[in-house]
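Next come the chains, spelled out residue by residue.
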Amino acid sequence: QVQLVESGGGLVQAGGSLRLSCAASELTFSKYVMGWFRQAPGKEREFVAAISRSASRTSYADFVKGRFAISRDNAKNTVYQQMSSLKREDTAVYYCAASGVLSVVVTTDHDYTYWGQGTQVTVSS
C-alpha cells in the first residue's frame, strides 16, 4: 500500500524557517511528479509547489515564490520543501502528494493520486 508520510512541521516565529520532508513507500518514486499543497482553517486546499520526476523542473504558487524551495531525492524516495521567511498566512496543514499524469509538473490537486496525512505548520507573530 502506497504511503506518503510528512514530517518537519511545527511552530515557528514569523520570519523563521522550516523544512518539510515527505517519505514515500510502496511507490516507484522516480515515476511520479511530487507536489506540496496546503489547507488553512476555513479555506480550500491550495497548490504550493511541484517538482518533476527528474527534479529538472519546478513550479511554485506566486505567494511562495522566492521563499519556498521544493527538492527531491529519488534515491531516498523523499521530497522536501524548504520554507523561509515564513508569514502568519503560511499557517496551514501541508500535504505532499504524488501524481502519475504525463506532465512535467502538475499543479492541480485532482491530478494527484496519492496523498499524505499532512503536517501542521503554525507561524506566530
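Residues numbered from 1 in each chain as written. Predicted model: local features only at pLDDT ≥ 70, side-chain atom pairs only at ≥ 80, totals over all residues. Heavy atoms only, no water.

To continue, consider the state of the cysteines. Using the criterion set out here, one finds 1 disulfide in the structure. Each sulfur of the disulfide joining Cys22 and Cys96 lies 1.9 Å from the other. Every disulfide takes its handedness from the sign of the S-S torsion; for Cys22 and Cys96 that torsion is 40°, giving right-handed. Of the two residues, Cys22 sits in strand β3 (residues 18–25) while Cys96 sits in strand β9 (residues 92–99), which places them 74 residues apart along the sequence. The pair Cys22 / Cys96 is uniform in exposure class, with both members buried. (Disulfide = S-S within 2.5 Å. Helix = DSSP H or I, 4+ residues; strand = E, 2+ residues; numbered from the N terminus. Buried < 20%, exposed > 50% of the residue type's maximum accessible area, 1.4 Å probe, protein only.)

With that settled, the discussion passes to the sheet that holds β3. Pairing is antiparallel in the open sheet, where 4 strands are placed in the order β1-β3-β8-β7. Looking at strand neighbours, the two that pair on one side only are β1 (3–7) and β7 (68–73), the edges of this open sheet. The mean inter-strand angle of the sheet, taken between neighbouring strand axes irrespective of direction, is 15°. Looking at chain direction, β7 and strand β8 (residues 78–83) are connected through 6 bridges and run antiparallel. Its bridge partner lying in β8, Ala69 is registered against Gln82. (Pairing = 2+ DSSP bridges. Axes fitted to C-alpha atoms, helices over the stretch in contact; angles between N-to-C directions.)

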